[in-house]
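If you want the building blocks of each chain, they are given just below.
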Amino acid sequence: MTTSPTTPPPQIITGKARLAGVMGWPVEHSRSPALHNYWLRRYGVDGAYVPLPTAPEDFVAAVLGLQAAGFKGVNVTIPHKEAAYKLADVLDASARRAGAVNTLVFREDGKILGLSTDGSGFVASLAASSLPPRPQTRALLLGAGGAARSVAAALQDRGLKVAITNRTHERAVTLAAALPGTDVLAWSEWEQQLGEFALLVNTTSLGMAGGPDPLFCPSLAQAAEDLVVADIVYAPLVTPLLAAATRQGLRTVGGLGMLLHQARFGFKEWFGVDPQVDDATQDHVLNSL
Ligand code: ATR
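A quick note: this is a predicted structure, and the numbers were derived from the prediction, not measured.

## Re the sheet that holds strand β1 (residues 18-24)
Item 1. Taken together, six strands build an open sheet; the order of strands is β2-β1-β3-β5-β6-β4 and the sheet is mixed. If you trace the sheet from one side to the other, it starts and ends with β2 (47-53) and β4 (90-91), each paired once.
Item 2. In this sheet, β2 lies alongside β1 in parallel orientation, the contact comprising seven bridges. Of the residues in β2, the one forming a bridge with R18 is G47.

## Quick word on the packing of aromatic side chains
Item 1. Applying the stated rule across the entire model yields five aromatic pairs.
Item 2. A ring pair is formed by F267 and F271, whose centres lie 4.9 Å apart and whose planes are at 55°; its orientation type is tilted. You can see F267 and its partner F271 sitting in helix α10 (residues 256-271), four residues apart, about one turn around the helix.
Item 3. Residue F271 is classed as buried on the basis of its relative accessible area, which comes to 4%.

## Some remarks on the packing of helix α1 (residues 32-42) against α10
Item 1. Put simply, α1 and α10 touch, their axes get as near as 10 Å, and they point 55° apart. Judged by the angle between their axes, α1 and α10 are oblique. Crossing angle aside, the handedness with which α1 passes α10 is right-handed. Facing α1, whose interface residues are L35, H36, W39 and L40, α10 presents L259, L260, A263, R264, F267, W270 and F271.
Item 2. Each residue belonging to the contact of α1 with α10 can be placed in one class, and the counts come to nine nonpolar, one polar and one charged.

## A look at the pattern of salt bridges
Item 1. As enumerated under the stated definition, the model contains nine salt bridges in all.
Item 2. Salt bridges here are not isolated pairs; linked through shared partners, they connect R138, K161, D183 and E196.

Analysis parameters
- Residues numbered from 1 in each chain as written.
- Predicted model: local features only at pLDDT ≥ 70, side-chain atom pairs only at ≥ 80, totals over all residues.
- Heavy atoms only, no water.
- Pairing = 2+ DSSP bridges.
- Helix = DSSP H or I, 4+ residues; strand = E, 2+ residues; numbered from the N terminus.
- Phe/Tyr/Trp six-rings, centres within 6.5 Å; stacked < 30°, edge-to-face > 60°.
- Buried < 20%, exposed > 50% of the residue type's maximum accessible area, 1.4 Å probe, protein only.
- Axes fitted to C-alpha atoms, helices over the stretch in contact; angles between N-to-C directions.
- Parallel < 35°, antiparallel > 145°, perpendicular 65-115°, else oblique.
- Left-handed = near helix turned anticlockwise from the far one by under 90°.
- Contact = heavy atoms within 4.5 Å.
- Nonpolar A, V, L, I, M, F, W, Y, C, P; charged D, E, K, R; others polar.
- Salt bridge = Lys/Arg side-chain N within 4 Å of Asp/Glu carboxyl O.

Dropping the structure here:
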């Protein structure tokens, strides 16, 4: 009997299983266990990936305990990304630029390596949509939180000129100071200046179901014809912003791709396989939403 990627074989967990997980507080909402265990089954890897609800005050002890228990590493999500940055013995360039860590790798030499894979995941998601960010073009990011910084750094590293705009202007100024070369636009003015940009990215929670403004839909009237509009929100899959962009004939990229692509880097480090992000992977995660 052949097994299609949508119905992978049962999981193998022997005494030699490779172990990883996701630390967050809370962590129930995380899609990472569904995604990683799907890949483990699909590639026949002897391993498991588990949710690890961890209160902030227990974070360091928990990481060291997991390392002592033989885990290969962990993803870290809210509120642990800065604590993971401080805890890591070695940071890769992406983590230093992002000022945060979402992936820890427990190396054979006992050192803990910290990575930030959100920005690379975002860029990979654009490339997978046949819309790779074009060097020398300008990108405008809405938001100035951790996600904005990761995406801004990854776009700058690929030669784009990045501008950010944020409701709280001082936060945008602080982010721009951490990433030299970043421009800052006023929140009340960016819609008028949109015509100067080739890529617009919403990195805020605006447009998210259950978020601060699920109907968020700014004016795209000034957009150039070839503007690409991306959203990192993936619930709903098509945000009001993306729907408006599509109605206007603009090309769009939704947030699910970033979620899937950022996970590849950790999976490869812990489990030794570079997993594919394809329709079967997407369907599997959507069915778990
Ligand atoms: P993350 O680290 O995941 O990016 P965050 O640090 O909480 O999350 O950032 C959330 C972003 O959404 C911020 O840019 C925030 O703007 P402020 O810095 O002004 O708070 C933005 N955001 C959240 N609610 C918003 C709202 N109602 N209007 C405009 N921006 C909002």
